[in-house]
Amino acid sequence: GPWRCISVQPTAGAREERMAGLEGIHAEAVRAFETHKTRPYEWRVAQLKGLKAMVVERQEEMICAMIKDLSRPRAECDLGEISALKMHFDTFFANLKTWMAPEGRPIWGMLAPGKGEVRREPIGTVLIIAPFNFPFILTLKPLMGCIAAGCCAVIKPSDATPACSALLQRYLPQYVDNSCYHVVQGGAAEAARLLELRWDKILFTGSTRVAKSVAAAAAKHLTPCLMECGGKNAAFVDDKVQNLNVVARRLTWARTFNCGQTCLAPDYVLCKEGMVGALVEALGRSIRDAFGENPRASPDLSRVVSSEAAARLKGWIEGTTG
């Protein structure tokens, strides 16, 4: 007979036990930071090497997880996440010692012959709240920064990409110090409980709506936040452009990469009114060239992360006269 999906809700006791576990994870990360073992340069490099080894050795599994969660083409998985991560590792290895070195500063004459310098100290234990659209690079790159800065971290990946989140929770403890770096799976309830705890910094990537809730929770402890909330991206097409086909191909690529689920994707195009018809026609040709007459069936087009997100996009399209 046909398969049926049955939702099994955890009991109240199980939920409370899971929530209490979050407090234990936070406390373990705080204790690990207080040992000062994250401070030496050699330790930080070793953790970064471990993290890079995970990306290299688990690359195929990471790609499969992205395909499962986002139906993303392999080329996009590599270009948008795996290769980009490897480049970032190179940057960290090349610059970490310089970043950690004290910098001399001039001081007030009355304090002579004293010397002034700036020393960058680890801030403490960090909460990383990651988005769904780039589930590895927007999780692991902030983690690289935490490691390089000598901080401990707890990572809350998106529940919209369960395969990617499960992979991180499974493998990360095998490659880095699992008393300092933790992965917590879950949804809004788990995120809310984490935000009730005292962190030394919160790194958040996501929507402005959720960012307001994060900032409000952080304010109760005066916790500093670093947030990336996206924005609006206009594409300007000048009327002096000689080849609209090139423009159309570039717009098509930028808008459809990761099915448009990218903070840098162009939201709208501005051009002279007399160009609209020709530009729309060129865009149509470019889309057909890239994805065929039926883009829905194309293996080269990523997919929207969920049916709810697709319904929201459909509503926007149906509500416009553009």
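Figured I'd write up the structure that's included with this text. Here the structure is a predicted model, which is why all the values come from computation and not from measurement. Numbers given for residues are sequential positions, taken from 1 along each chain in its written order. Given that the model is predicted, a residue must reach a pLDDT of at least 70 before its local features are reported, and side-chain atom pairs must reach 80 or more before they are shown or counted; all residues, however, enter totals for whole chains, interfaces and linings. As a rule here, side-chain values cover all heavy atoms of the structure and leave hydrogens and water aside.

### A word on the packing of helix α3 (residues 59–70) against helix α6 (residues 162–175)
Packed helices, taken two at a time, are described by the angle their axes make and the gap between the axes.
Item 1. Convention adopted: a line fitted to C-alpha atoms gives each axis, helices being fitted over their contacting stretch, and angles between N-to-C directions are expressed from 0 to 180 degrees. In DSSP terms, a helix is any run of H or I states spanning at least four residues, a strand is any run of E spanning at least two, and both are numbered starting from the N terminus. Look at α3 against α6: their axes get within 7 Å of each other, and the N-to-C directions meet at 150°. The orientation of α3 with respect to α6, classified from their angle, is roughly antiparallel. Together, Glu61, Met62, Ala65, Met66, Lys68 and Asp69 of α3 and Pro162, Ala163, Cys164, Leu167 and Tyr171 of α6 make up the contact between the two elements.
Item 2. Three categories are distinguished: nonpolar for Ala, Val, Leu, Ile, Met, Phe, Trp, Tyr, Cys and Pro, charged for Asp, Glu, Lys and Arg, and polar for the others, with Gly belonging to the last. Taken together, the residues that form the contact of α3 with α6 break down as 8 nonpolar, no polar and 3 charged. Oblique is the label for any angle not under 35 degrees, not over 145, and not in the 65 to 115 range, which are roughly parallel, roughly antiparallel and roughly perpendicular in turn. Contact between two residues is taken to exist if any of their heavy atoms lie within 4.5 Å; hydrogens are not considered.

### What to know about the nonpolar core
Item 1. Residues enter a nonpolar core if they are buried and are Ala, Val, Leu, Ile, Met, Phe, Trp, Tyr or Cys, with the set joined through side-chain atoms within 4.5 Å. Note on classification: 1.4 Å probe, protein chains only; a residue is buried when its accessible area is under 20% of the maximum for its type, exposed when over 50%, partly exposed between these limits. Ranked by size, the top nonpolar core spans 64 residues in total, and within it Leu51, Phe136, Leu140 and Leu143 carry the most contacts.
Item 2. If we ignore the near neighbours within four places in the chain, the residues touching Leu140 are Leu51, Met54, Val55, Met62, Leu85 and Leu168.
Item 3. The next biggest cluster of nonpolar side chains, apart from the first, holds 9 residues, and it includes Ala235, Leu251, Met275 and Leu279.

### A look at helix α8 (residues 208–219)
Item 1. With 12 residues, α8 extends 16 Å between its outermost C-alpha atoms, agreeing within 8% with the 16 Å of an ideal straight helix rising 1.5 Å per residue.
Item 2. Among the residues of α8, those classed as buried are Ala211, Val214, Ala217 and Ala218. Projected down its long axis, α8 carries its buried residues within an arc of 125°, all on one side. Away from its buried face, by an angle of more than 90 degrees, α8 presents the exposed residues Arg209 and Lys212.
Item 3. Among the structural elements, β3 (125–129), α7 (188–196), β6 (201–205) and β7 (225–228) are those in contact with the buried residues of α8. Expected helix span is given by 1.5 Å per residue-to-residue step, counting one fewer step than there are residues. Note that the arc is computed from the directions linking the helix axis to the C-beta atoms.

### Here we look at the pairing of β6
Item 1. Among the 5 residues of β6, 4 are classified as buried, and the element is accordingly described as predominantly covered.
Item 2. Pairing between two strands requires that DSSP report at least two bridges joining them. With 4 bridges joining them, β3 and β6 adopt parallel strand pairing. The residue of β6 that forms the bridge with Ile128 is Leu203.
Item 3. Here β6 pairs with β7 via 4 bridges, running parallel. In the sheet register, Ile202 faces β7, and the bridge partner there is Cys225.

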